[in-house]
Amino acid sequence: MIHDSATATSAHPYDALTPDTILDAMEEAGFAVSGRLFALNSYENRVYQVGLDEGAPVIAKFYRPGRWTEAAIREEHAITLEYLEADIPVVAPLVMPSGDTLGQHGEFLFAVFPQRGGQAPDVSVTDTLYRLGQWLGQMHNVGARQPFKHRPEISLIDGIERHNQLLLDGGWIPDDLRPAWDSLIPDLIHACGARIDEAGPVDTLRLHGDCHAGNILCREEQMLFVDLDDCRTGPAIQDMWLLLNGEDSERGAQLGELLEGYEMFRDFNRRERHLIEPLRCYRQISHCAWLAKRWDDPAFPRFFPWFGQPRFWSDQVLSLREQLAALQSPSISLPGQY
């Protein structure tokens, strides 16, 4: 089945998020808005720079209706504020003039953040990785204090199976690629299971959850962690592997630098490195499922027009074959570890 943007014409909850609605929500929360409004790049939620009568603009984030419960969003806010109280550099939600970090206007829950600038860190720089490791160690000390009650836990095998079933049920895989796809998924699940067994029992804790370079701002030697929308429970390595790139030897050296800083503040189970490729496989398939689930949002066909085309899925089959080869190869080694 080929899906195109013509199939995504039905009304969507974000259709009701007009400029007037945004400004009304901010005014109800106690902000004196100037009327200046600028949409920022965001797909899962809607994010805007909002001008105020006095002072710098602020950033308003309107959560996607139905994605998170209010309790889950409040857990995101709570751990971000815990980081802030521990002097960890993070962009936390503001306490609004209304006295809360979470506002509601109609069906929309929203939060407001201070505006911060910066650029993604250069993770090819050894010192940068070391400093990131230091901050991650401190973040994980905070994350280990108590569990999440309302946010999900990373479940690799179940997640791969569930996301794959969503893609199959929606008819997203072209018929001519189904045999290749259907033969790959069981092999990937088996290979992921073998790596998970190799890692053995691992501790889990509250995580940033989506800790890639794009969610870290650097400015004048200061680092800022942003966007905890995907915070969840999982193994510590989840907040590290997205910062690694290059060949296995390069990624092993990069992980070693991260851990040198990390272990100044917190012990790390080095067997967790066996989970990197299962986590990568999970992310690849879950990303496809995320696009499929969001296809009724008019922004998605507009910004991801290639998703519904056969070429995308043939590329995915090739990428998953490469991922299977990575899963079947030895895990990356840390410096001095063989």
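Heads up: these notes are all about the structure in this document. Throughout this description, residue numbers start from 1 for each chain and increase along the sequence as written. With the structure being a predicted model, the display of local features is reserved for residues of pLDDT at least 70 and the display and counting of side-chain atom pairs for 80 or more, all residues being used for whole-chain, interface and lining totals. To obtain the side-chain values, all non-hydrogen atoms of the structure were used and water was disregarded.

To continue, consider the overall build of the protein. Looking only at helices and strands, one finds nine helices and nine strands in the protein. The atom set for the radius of gyration is the C-alpha atoms, and the globule formula is 2.2 Å times the number of residues raised to the power 0.38. Whereas a compact globule of 338 residues would reach a radius of gyration of roughly 20 Å, the protein reaches 21 Å, a difference of no more than 12%. By principal-axis analysis of the C-alpha atoms, the protein measures approximately 60 × 50 × 35 Å. To sort residues, take the accessible area from a 1.4 Å probe on protein chains only and compare it with the maximum for the residue type: under 20% means buried, over 50% means exposed, and anything in between is partly exposed. Across the 338 residues in the protein, those meeting the buried criterion constitute 52%. Restricting to contacts in the protein with at least 6 residues of sequence separation, those with at least 24 account for 72%. Once the 29 positive and 50 negative side-chain charges of the protein are each reduced to a mean point, those two points are 2 Å apart. Each helix corresponds to a stretch of at least 4 residues labelled H or I by DSSP, and each strand to a stretch of at least 2 residues labelled E; elements are numbered beginning at the N terminus. The criterion used for residue contact is that any of the two residues' heavy atoms lie within 4.5 Å. We treat Lys and Arg as the positive residues and Asp and Glu as the negative residues; His and chain ends play no part in the count. Throughout, a charge is located at the NZ atom of Lys, the CZ atom of Arg, the CG atom of Asp or the CD atom of Glu.

Here we take up the sheet that holds strand S1 (residues 33-40). Strand pairing is assigned whenever DSSP identifies at least 2 bridges connecting the two strands. A sheet is described by the order of its strands in space; here five strands give the open sequence S1-S2-S3-S5-S4, paired in antiparallel fashion. Looking at strand neighbours, the two that pair on one side only are S1 and strand S4 (103-105), the edges of this open sheet. Taken pair by pair, the neighbouring strands of this sheet meet at an average axis angle of 35°, ignoring direction. Pairing of strand S3 (residues 58-62) with strand S5 (residues 108-114), which is carried by five bridges, proceeds in the antiparallel orientation. By the bridge assignment for S5, Lys-61 is matched with Ala-111. Packed onto the sheet, helix H1 (residues 19-28) meets S1, strand S2 (46-52), S3, S4 and S5 and runs at close to 125° relative to S1. Axis definition: a line fitted to C-alpha atoms, limited for helices to the stretch in contact. Angles are taken between N-to-C directions and run from 0 to 180 degrees.

To continue, consider the side chain of Arg-206. Tracing the backbone through its elements, the reader meets Arg-206 in strand S6 (residues 205-207). Given a relative accessible area of 4%, Arg-206 falls into the buried group. Side-chain atoms alone can form a polar contact between residues adjacent in sequence; in general such a contact is a pair of N or O atoms within 3.5 Å, and within protein one must be able to donate a hydrogen while the other accepts it. Of the polar contacts made by the side chain of Arg-206, one reaches the side chain of Glu-82; its length is 2.8 Å. Dropping the residues within four chain positions of it, Arg-206 is found in contact with Ile-79, Glu-82, Tyr-83, Val-142, Gly-143, Arg-145, Gln-146, Pro-147, Phe-148 and Arg-232.

As a further point, take helix H3 (residues 126-143). Helix span is expected to be 1.5 Å times the residue number reduced by one. Counted at 1.5 Å a residue, the expected span for H3 with its 18 residues is 26 Å, and the 25 Å between its end C-alpha atoms agrees. With 13 of its 18 residues buried, H3 lies for the most part within the structure.

Working definition: rings of Phe, Tyr and Trp (its six-membered ring) pair if their centres are within 6.5 Å, and the pair is stacked with planes under 30 degrees apart, edge-to-face with planes over 60 apart, and tilted otherwise. Under the defined criterion, the tally for this structure stands at 20 aromatic pairs. Measuring from centroid to centroid gives 5.1 Å for Trp-290 and Phe-300, while their planes differ by 75°, and the two rings are edge-to-face. With a gap of 10 residues between them, Trp-290 in helix H7 (residues 276-293) and Phe-300 in helix H8 (residues 299-303) connect regions that are remote in the sequence. Given the relative accessible area of 0%, Phe-300 is considered buried. Cation over ring: Arg-151 sits above Trp-68, and NZ or CZ is 4.0 Å from the ring centre. Two conditions define a charge sitting above a ring: the NZ of Lys or the CZ of Arg must be within 6 Å of the ring centre, and it must be within 35 degrees of the ring normal.

Before going further, it helps to examine the environment of Tyr-63. Assignment of secondary structure puts Tyr-63 in the loop between S3 and helix H2 (70-85). The class of Tyr-63 is buried, set by a relative accessible area of 2%. In the structure, Tyr-63 is positioned 41 residues away from Gln-104 in sequence and 10.0 Å away in space, judged by C-alpha atoms. Once you skip the residues sitting within four places of it in the chain, Tyr-63 turns out to touch Tyr-14, Asn-45, Ile-73, Glu-76, His-77, Leu-102, Phe-108, Leu-109, Phe-110, Ala-111 and Asp-229.

This part covers the nonpolar core. Leu-136, Trp-181, Met-240, Leu-255, Leu-258, Phe-307 and Trp-313 are the most contacted members of the largest nonpolar core, which has 70 residues in total. No other element matches the nine residues that helix H5 (residues 178-199) contributes to this core. Formed by 19 residues, the second largest nonpolar core is a distinct cluster that contains Leu-23, Ala-25, Met-26 and Ala-60. Throughout, nonpolar core names a set of buried Ala, Val, Leu, Ile, Met, Phe, Trp, Tyr and Cys residues whose side chains join them through atoms within 4.5 Å.

Taken together, the side chains of Asp-20, Asp-24, Glu-27, Glu-28, Asp-53 and Glu-54 present a region of like negative charge at the surface. You can see Glu-54 is positioned in the loop between S2 and S3. Glu-54 sits in the exposed class, given a relative accessible area of 71%. Patch membership requires over 30% relative accessible area and the absence of a salt bridge. Like charges are linked within 9 Å, and nonpolar side chains (Val, Leu, Ile, Met, Phe, Trp, Tyr) within 5 Å. Method for areas: the Shrake-Rupley scheme with a 1.4 Å probe, in which residue coverage is limited to the protein chains shown. Any carboxyl oxygen of Asp or Glu that lies within 4 Å of a side-chain nitrogen of Lys or Arg is treated as forming a salt bridge with it.

One pass over the full model with this rule turns up 23 salt bridges. Of the charged contacts, one joins Arg-251 and Asp-248 as a salt bridge, the two residues approaching to 2.3 Å between their closest N and O atoms. Taken together, the positions of Arg-251 and Asp-248, both in helix H6 (residues 248-262) and three residues apart, correspond to about one turn of that helix. Salt bridges here are not isolated pairs; linked through shared partners, they connect Glu-44, Arg-46, Lys-61, Arg-64, Arg-67, Glu-76, Asp-229, Asp-230, Arg-232, Arg-294 and Asp-297.

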